[in-house]
Amino acid sequence: MAPRPHTGFWSAANWFSWSVAVLLLAALLGLAAGLHGTLERAENRALDRHLDAIVAQVEADLYRAAAEQAAVLERMALRLSQRSAPDRAAWSADAQRLMADFPYYYMLAVVDADLRVRWLESRSAARLDEGQQLPIGTGARRQLAAADSETATMVLEPLLVGTGQAGLLFMTPIDPRTDGPEAAGRWLASVLVVPEAVAAALDAYYLDDVILEGRFAGTRFVVPPDALEAQRSRSFARNLAVQLDDGQSTFVFDIALRTATREALATGLPQTVLGLGAVLAVLVSVAALLAMAAARQAQGLAQANRTLNAEIHDRELAEQELEFLLTHDSLTGLPNRQGMLESLTQALQRFTPGRALAVLYLDLDRFKDINETLGHHLGDELLRQLPGRIGDALDP
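Residues numbered from 1 in each chain as written. Predicted model: local features only at pLDDT ≥ 70, side-chain atom pairs only at ≥ 80, totals over all residues. Heavy atoms only, no water.

Scanning the protein from N- to C-terminus turns up 11 helices and nine strands. The C-alpha atoms of the protein give a radius of gyration of 57 Å, which is well past the 21 Å a tight globule of 396 residues would have. Each of the three principal axes of the protein carries a C-alpha extent, and together these read 175 × 50 × 35 Å. Here the protein, with 396 residues, has 34% of them falling under the buried criterion. Pairs at least 24 residues apart make up 62% of the contacts formed inside the protein by residues separated by at least 6 positions. Accessible surface computed for the protein: about 23800 Å², of which carbon and sulfur atoms make up 58%. (Helix = DSSP H or I, 4+ residues; strand = E, 2+ residues; numbered from the N terminus. Rg over C-alpha atoms; globule rule 2.2 N^0.38 Å. Buried < 20%, exposed > 50% of the residue type's maximum accessible area, 1.4 Å probe, protein only. Contact = heavy atoms within 4.5 Å. Areas by Shrake-Rupley, 256 points an atom, 1.4 Å probe, with all protein chains shown as cover.)

Right under this line is the structure:
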């Protein structure tokens, strides 16, 4: 009897099925990861465009603010040049009003052609007194020496102010009506506190999205000043450099997107696609494994059914053969004693009056001689042939 195949799940899911399921899982996970990467890159590009737009706005606002301050200083310089005689009191009142309107002004001064301070107004104790020379570098001096009456306000170089913060020096030419000793001066010098001026120049609406770190003259400042390092998204940051008119000093801004803004603008779609893709990959792989196991199990069940049917058929044949051998001779196929008695019984049961019933008894003479001379196999063949021939002779 052939052994029945195992039809359990673990035996049905063989190594081939597991290999296909694992390869399918790896392919689907790779597809999900690729789609996640594509969506994440698209999202990052959108965030980069948003940050680039803010950087461009910051740069435009800084230049706009510098131009506005230059216009304010040029109007003050124009009023100085239009007075018939120097008026220290009028200029001081004008300077105090300007510093009240723009609190980030640290100092205003009227400077002679030799860069000696004639008049000075400061919001706190300044490092400079009237009569002293303005402490500026060689590059700034060359720029001033090359200037003429048509020169506009120049943004020259950094100066440290009394608070230890970086200040920015603006120099505006004064066009005096007289070149004599009564002239009001050659230059209007002004120093702005850089962190305060930058914070005032920028619009608050995009400061909710970014943090600016400025580096200037060896100092560092942050706008807004209460921003924390942990709030900056280092992966989304830009540098903005502004060259001053002295040709040597540079203003550098590190502009970074806030972490909260990064999270608020993120759609979460890449992570969702990755998570759902992983779940779908597992489900599809398990479904494929179950399908292959079910197919293999169905094949096993079909084979088991065929084996069972063959066993039933063999048993039926064996039973039929056993039943036949109980009533028939195995050599000739004729009924034996038991079979003859059953045949006679059945014939008597079918017997009807008026019909004859005969029993013929035959004996084979010299059958022993046939076995001894020709062999038992021919004797057996004679016994097999004889019933058929007698039957043919007796048929009507």
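Two orientations exist for strands paired in a sheet by backbone hydrogen bonds: parallel and antiparallel. With antiparallel pairing, the five strands of this open sheet are ordered in space as 2-1-5-4-3. Two strands close off the open sheet at either side, each with one partner strand: strand 2 (117-122) and strand 3 (154-160). Neighbour-to-neighbour, the strand axes of this sheet turn through a mean angle of 20°, independent of strand direction. Inspection of the sheet shows strand 4 (residues 166-173) paired to strand 5 (residues 187-193) by seven bridges, in the antiparallel sense. Across the sheet, residue Phe170 finds its bridge partner in strand 5, namely Ser190. Relative to strand 4, helix 2 (residues 15-82) is tilted by about 45°, and along the sheet it contacts strand 1 (105-111), strand 2, strand 4 and strand 5. (Pairing = 2+ DSSP bridges. Axes fitted to C-alpha atoms, helices over the stretch in contact; angles between N-to-C directions.)

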